[in-house]
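Inside the fold
As a plain string of letters, each chain reads:
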Amino acid sequence: MDTKRMISGIKPSGHLTLGNYIGALQNFVKYQDDYEMFVFIANLHTITVPQDPSELRNNLEEAALLYLAAGLNPQKATIFLQSDVLEHTQLGHILACYSYLGELNRMTQYKDKVAKGETNHTVGFYTYPTLMAADILLYDAHFVPVGIDQKQHVELTRDIAERMNNRYNKELFLIPEPLLEEVGVKIYDLQEPTKKMSKSDISDKGCIYLMDTPKKARKKIMSAVTDSLDKIAYDPINQPGISNLIVIAASLKKVSIEAILLETQDLRYGEFKKYVADIVVDTLETIQNKYAEIKEQNILQEVLVDGANKARTIANKKLKEVQRTIGIEL
Ligand code: AQP
């Protein structure tokens, strides 16, 4: 049986968070053994909102090092910078010409901005789902491992791919499936546990960054908002704070929610937070030690060049096929 292909990426629009790790990065690492894995750093997606160039460069380098520090192995996975493979933007433009304004208007992230009364979003922000569709379709990926917030974009990708396949009466694109984990598809802010933990949030009190010092991370967990019910139960509606901590623990320990509940049911909230903080700190320390080692080795450029070369070969072949099919190339 042929190995199935997977593609995913993270945008370095800030320091990567525990949400990025649980919802994306640790799954990429898990899948690299069984799938042909393509993982890119989605730098083109970051500039859909304003960025400071030197901060962005730092975030980009940090994200790439974190991919490796978290356990992605360049011998197994193709790791590259999105902008190094020009085929992404070219196919992005083509797919934008096969997408409708109504579809992009329905994208939740865009709708949320409009609902908040924000009017200064860029054209790039509006069309980023079509670029994301290109990121995926260039590689004929079977699966796209994502957190819940990105599922809608994979569904749009499927719609565009099916539309073009039907229009040209051939299997131009493979129809990808979003791949969501049972636990950890959405990690919430520790201070506002009904809101997603996001790297570009203004306040960082509720957000754990992978490069936070263990002391800082522990403090954030110990100050996480809980409730007055005084019981450790998985009840996201009535106990969103405690439930979020349970999910964090289960995801990092790679066990079920029930297993965490069994282990912690008799703990008081303070003890439970310490239990979760120990797990988080242990994860961060492992990643950060590896990060320091890899930075020292100075291998990043080589990994990204090799990855881009490999990705480009596949992407270019698909782009040419698309261009010939739609008639813009002889
Ligand atoms: N809190 C989260 N819980 C679970 N999964 C998450 N992901 C992000 N945050 C969480 C997943 O990580 C992958 C890469 O996401 P991204 O960084 O490219 O985009 P994003 O979802 O917009 O992430 P942020 O942190 O919220 O970025 P900003 O603040 O810049 O918008 C995706 O699979 C995502 O689901």
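Residues numbered from 1 in each chain as written. Predicted model: local features only at pLDDT ≥ 70, side-chain atom pairs only at ≥ 80, totals over all residues. Heavy atoms only, no water.

Moving on: the packing of aromatic side chains. On inspection of all chains with the given rule, the structure shows nine aromatic pairs. Where Phe38 meets Tyr139, the ring centres are 5.2 Å apart and the plane angle is 35°; that geometry is what we call tilted. Taken together, the residues span a long stretch of sequence, with Phe38 in strand 2 (residues 36-41) and Tyr139 in the loop between helix 7 (123-137) and strand 4 (143-145) at a distance of 101 residues. Owing to a relative accessible area of 0%, Phe38 belongs among the buried residues under this scheme. For Tyr139, a relative accessible area of 0% puts it in the buried group. (Phe/Tyr/Trp six-rings, centres within 6.5 Å; stacked < 30°, edge-to-face > 60°. Helix = DSSP H or I, 4+ residues; strand = E, 2+ residues; numbered from the N terminus. Buried < 20%, exposed > 50% of the residue type's maximum accessible area, 1.4 Å probe, protein only.)

Within the structure, the ligand sits among 21 residues, and Ser13, Asp149, Ser198, Lys199 and Ser200 are positioned closest to it. A distance of 2.5 Å is found between an oxygen atom of the ligand and a side-chain nitrogen or oxygen belonging to Asp149. Residue Ser200 places a side-chain N or O atom 2.3 Å away from an oxygen atom belonging to the ligand. Sorting the residues of the shell around the ligand by element identifies strand 1 (5-10) and helix 1 (18-31) as the ones contributing at least two each. If you tally residues by element for the shell around the ligand, the top one is helix 1, at four residues. Its residues assigned to classes, the shell around the ligand shows six nonpolar, 10 polar and five charged. (Near = heavy atom within 4 Å. Polar contact = N/O pair within 3.5 Å; in protein donor to acceptor, adjacent residues only side chain to side chain. Nonpolar A, V, L, I, M, F, W, Y, C, P; charged D, E, K, R; others polar.)

This part is about the domain arrangement of the protein. Under the domain assignment, the protein is made up of domain 1 (5-180 + 298-326) and domain 2 (214-293). Every contact between the two is made by eight residues of domain 1 and, on the other side, nine residues of domain 2. When domain 1 packs against domain 2, the two sides together hide about 870 Å² of surface, and 77% of this comes from carbon and sulfur. Inspection of the region where domain 1 meets domain 2 yields zero salt bridges. Run the count over domain 1 and domain 2 and you get one residue pair in polar contact (both at pLDDT 80 or more). Elements with a contribution of two residues or more to the side of domain 1 that touches domain 2: helix 1 and helix 3 (53-69). Here the side of domain 1 that touches domain 2 is composed, by residue class, of six nonpolar, one polar and one charged. (Domains from an automatic or database assignment. Contact = heavy atoms within 4.5 Å. Buried area = accessible area lost by both parts, 1.4 Å probe. Salt bridge = Lys/Arg side-chain N within 4 Å of Asp/Glu carboxyl O.)

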